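For reference, the chains in residue letters:
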Amino acid sequence: MARGYLVAGNWKMNGSAASNAALLEGLVRGVSECPAIDVLVCPPSVYLDSARRHLSASPIALGGQNLSDQPQQGAFTGEIDASMLRDVGCGYVLVGHSERRTLYGEDDACVARKYLQAQAGGLIPVLCIGETLAERESEQTEAVLARQLDAVIAAAGVRSFINAVIAYEPVWAIGTGRTASVEQAQAAHAFIRGVIAKNDVKISNSVRLLYGGSVKADNAASLFSCEDVDGGLIGGASLKAPEFLAICAAAQVLAAAQDA
Ligand code: PEP
């Protein structure tokens, strides 16, 4: 099934008004070379509104990096809800990034609440899942992925994946320069699709699965060529327009071949 490619940039806590403007200008110019793929950028939340203005004439979508798990607005100092993200032009939001899970104590239940709030607010959640190095080395990878997915399926139902994206991000590959091998990435993605297939085969075939973890211009094509990899979630390499655009170009080549 042709799911198309999505290349998403997670800027994390990086940038300034000036550096963002330069980065976005570069992306807007370059993305016209990649008409067969979807491209998403997730800047820090304080810059979303100005990013929206830079992207107004561009097909690049905008996403938040995080949202509140609360079902209503109110006395939640420092939090941002889905409707606010929508208000500043977001169509997507990252949910359950490993940095949120490990540094900010977001457990599976919290991630599931955020996922629900994202969809309730009209956003497409990019659900991030993945194992630590210790979990991989103790052969827990599949158990961890199944547990993280099942928490969301229990809370939101498998049909929620019609309006969601899943990013497989092995924690040991994020920001480390150590990328999963093509075989490791494909095996994990096939396993994820299999967990969803146990609930609904059609949805498992249509949900987009991104790979994240030290994707660079020189490894994107081989990772994206895997049967069950439908693009990437890119951290460090999304902060420089030429590098991010080279990753988009790798996806564009594969997407164009699929369309031919
Ligand atoms: C990420 O932040 O989701 C990520 C994959 O980072 P990096 O590409 O830098 O490993």
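See the structure printed just above.
These numbers come from a predicted model, not from an experiment.

> Explain the sheet that holds strand β2 (residues 38–42) to me, please; I cannot follow it from the model alone.
The pairing of strands in a sheet comes from backbone hydrogen bonds and takes either a parallel or an antiparallel form. Read once around its circumference, the closed barrel built from eight strands follows the order β1-β2-β3-β4-β5-β6-β7-β8, with strand pairing classed as parallel. Within the sheet, the average angular offset between the axes of one strand and its neighbour, ignoring direction, is 25°.

> Would you take a moment to explain the pattern of salt bridges for this structure?
Opposite charge on two side chains permits pairing when their charged atoms draw close. Inspection of every chain in the model, using the stated rule, returns 13 salt bridges. With a shortest N-O distance of 2.6 Å, E106 and K114 are connected by a salt bridge. For E106, a relative accessible area of 7% corresponds to the buried category. The exposure class assigned to K114 is buried, which follows from its relative accessible area of 5%.

> Can you walk me through unusual backbone geometry in this structure?
Glycine aside, negative phi is the norm for most residues, and most peptide bonds take the trans geometry. The backbone phi angle of K12 is positive, close to 50°, even though this residue is not glycine. One can find K12 in the loop between β1 (6–10) and α1 (17–30).

> Can you help me understand the packing of aromatic side chains in this one?
For any pair of aromatic rings, the description consists of the separation of the ring centres together with the inter-plane angle of the planes. Scanning the model with the defined rule gives three aromatic pairs in all. Arranged with centres 6.3 Å apart and planes meeting at 40°, the rings of Y5 and F224 form a pair that is tilted. Note that Y5 is positioned in the segment before β1 and F224 in helix α10 (residues 217–224), a separation of 219 residues in sequence. Comparing Y5 with F224 shows no difference in burial state: the two are buried. Sitting over the ring of Y104, R100 keeps its end group 4.2 Å from the ring centre.

What counts as what
Residues numbered from 1 in each chain as written. Predicted model: local features only at pLDDT ≥ 70, side-chain atom pairs only at ≥ 80, totals over all residues. Heavy atoms only, no water. Pairing = 2+ DSSP bridges. Helix = DSSP H or I, 4+ residues; strand = E, 2+ residues; numbered from the N terminus. Axes fitted to C-alpha atoms, helices over the stretch in contact; angles between N-to-C directions. Salt bridge = Lys/Arg side-chain N within 4 Å of Asp/Glu carboxyl O. Buried < 20%, exposed > 50% of the residue type's maximum accessible area, 1.4 Å probe, protein only. Phe/Tyr/Trp six-rings, centres within 6.5 Å; stacked < 30°, edge-to-face > 60°. Lys NZ or Arg CZ within 6 Å of the ring centre and 35° of its normal.

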